[in-house]
Structures are given as structure tokens and as C-alpha cells.
Amino acid sequence: MQAKRLAIPEVVLFTPKVFGDDRGFFFESYSARAFQEATGLQPDFPQDNHSRSTRGVLRGLHYQLPPHAQGKLVRVVQGTVFDVAVDIRKSSPTFGQWVGEILSADNKHQLWIPPGFAHGFITLSETAEFIYKTTAFYAPECERCIAWNDPEIGIEWPFEGTPSLSGKDQLGKALSEAEVFP
Ligand SMILES: Cc1cn([C@H]2C[C@H](O)[C@@H](COP(=O)(O)OP(=O)(O)O[C@H]3O[C@H](C)C(=O)[C@H](O)[C@H]3O)O2)c(=O)[nH]c1=O
């Protein structure tokens, strides 16, 4: 498993070692040892999630506030998405900055998004199946949403046209009005 810290160094991109043969392929999709070597962290992941989206669906930018803040280890098992993490830690030198990566069933890349970040993705293929581990259980009372198109953040989504959003995501707040992390 190779790991690379992104421009916001707490966000880590993992590239697994894939073993291909005439049957197909095998790779270790998660290793606590590799994760700790790359991040220095040994989080529990009490919950796994799986969502399916059609082209143009944008989910985000979501986060849970403490005491139920979630770290997320995300990947795509069918299709392609553009995945984004936004630093929403007020005290961070990269507060309000974002990083984005293409995650696909083909590249098998994974992104570690620590607590203190808002997360979202847009679906670039006809459909995409998105699976991820979270370091805390779902706590809807702590869930918040920041607007995907907040000009203060300025995410460059690689998508023409208007994305398809849930009712909740259509009401995402500007970062300047959102409840953020210390
Ligand atoms: C997130 C979640 C949702 N739900 C229920 C609540 C709703 O009835 C239904 C759909 O939820 P929602 O529209 O919030 O799903 P997404 O828009 O995919 O939300 C996720 O999308 C972005 C990309 C994230 O980073 C978060 O993990 C998460 O907020 O599933 C649960 O029962 N458990 C859960 O952990």
C-alpha cells in the first residue's frame, strides 16, 4: 500500500498494491498496519457505509460535529467520482482550503479524511458505488452541511452543468456561517 500526503497533509491518498493474474485481481483494501505506518493513527472504524449514485449526483459537503466527529476512509468500487475534503478547523493554517482526487474502481485509490474536514463527491460515471469506513457512528443531530459551491472555498468540480443534490444539500451553509471545528 503506497501512501501520499496531499497539499493539506492530514489528508492521505492510499494506492493499494494490486496482484493481477489470469483470474482477475487481488488487493488488500484495508490494513490497520499500513494505515498506522502512513498516518501514525490507529482509529477504530465502527461503521462501514455504501452508497450508489448516478452521474452528476453530488453528495456533500458533510461532516459531523464533536463529540461524534467522523474520520472517513473512502473508496469507489464501481465507476468514478471526484472526491473532495475541505479543512474546517478554524485554527488550521489551511482553514477553508480544499483537496480533491479522482477515485475510481480502476485506480482503486482511497482517501483518508480526518475529523475536522467536510467531505463530498460528485459522480462522473453513469453510476458509482462508494464505500467507506467511519471512525464514529452516524449521529444525525451532529450532522452539518456546507454548500458545495461556496465561493469562499472555490472547489473546482470537474463537472459541466448543475449537479443533482438532496434537499438537505441544497440548503448547505456558507463556510462563514457554518459551525466549524476549533
Ligand atoms: C450518512 C448516513 C445516512 N443514513 C441514512 C439517513 C438517510 O435516511 C439516508 C441517506 O442519508 P444521506 O442523504 O445523508 O446520505 P449521503 O448524502 O450519502 O450522506 C453521506 O454523504 C457524504 C459523502 C458523507 O461524507 C457522509 O458520510 C454522509 O453525510 O441514510 C444512515 O442511516 N446512516 C448514515 O451513516
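It should be noted that the structure appears before, not after, this text.
Residues numbered from 1 in each chain as written. Predicted model: local features only at pLDDT ≥ 70, side-chain atom pairs only at ≥ 80, totals over all residues. Heavy atoms only, no water.

Caption draft 1: Fine view of the side chain of Gln-47. Structurally, Gln-47 can be placed in strand S5 (residues 47-54). A distance of 3.1 Å separates the side chain of Gln-47 from the backbone nitrogen of Tyr-138, its partner in a polar contact. In this structure, Gln-47 is in contact with Tyr-132, Lys-133, Thr-134, Ala-136, Phe-137 and Tyr-138, ignoring residues within four places of it in sequence. (Helix = DSSP H or I, 4+ residues; strand = E, 2+ residues; numbered from the N terminus. Polar contact = N/O pair within 3.5 Å; in protein donor to acceptor, adjacent residues only side chain to side chain. Contact = heavy atoms within 4.5 Å.)

Caption draft 2: Expanded view of the sheet that holds strand S8 (residues 80-87). The strand order S9-S8-S11-S6-S13 describes an open sheet built from five strands, whose pairing is antiparallel. Edge strands, defined here as strands with exactly one partner in the open sheet, are strand S9 (98-104) and strand S13 (143-145). Adjacent strand axes in the sheet meet at a mean angle of 25 degrees, parallel and antiparallel pairs treated alike. For S8 and strand S11 (residues 117-123), the ladder comprises seven bridges, and the chain directions are antiparallel. Paired with Asp-87 across the bridge in S11 is Phe-117. (Pairing = 2+ DSSP bridges. Axes fitted to C-alpha atoms, helices over the stretch in contact; angles between N-to-C directions.)

Caption draft 3: Local environment of the environment of Pro-158. Tracing the backbone through its elements, the reader meets Pro-158 in the loop between S13 and helix H2 (167-170). The class of Pro-158 is partly exposed, set by a relative accessible area of 43%. Distance in space between the C-alpha atoms of Pro-158 and Ile-102 is 9.7 Å, their sequence separation being 56 residues. (Buried < 20%, exposed > 50% of the residue type's maximum accessible area, 1.4 Å probe, protein only.)

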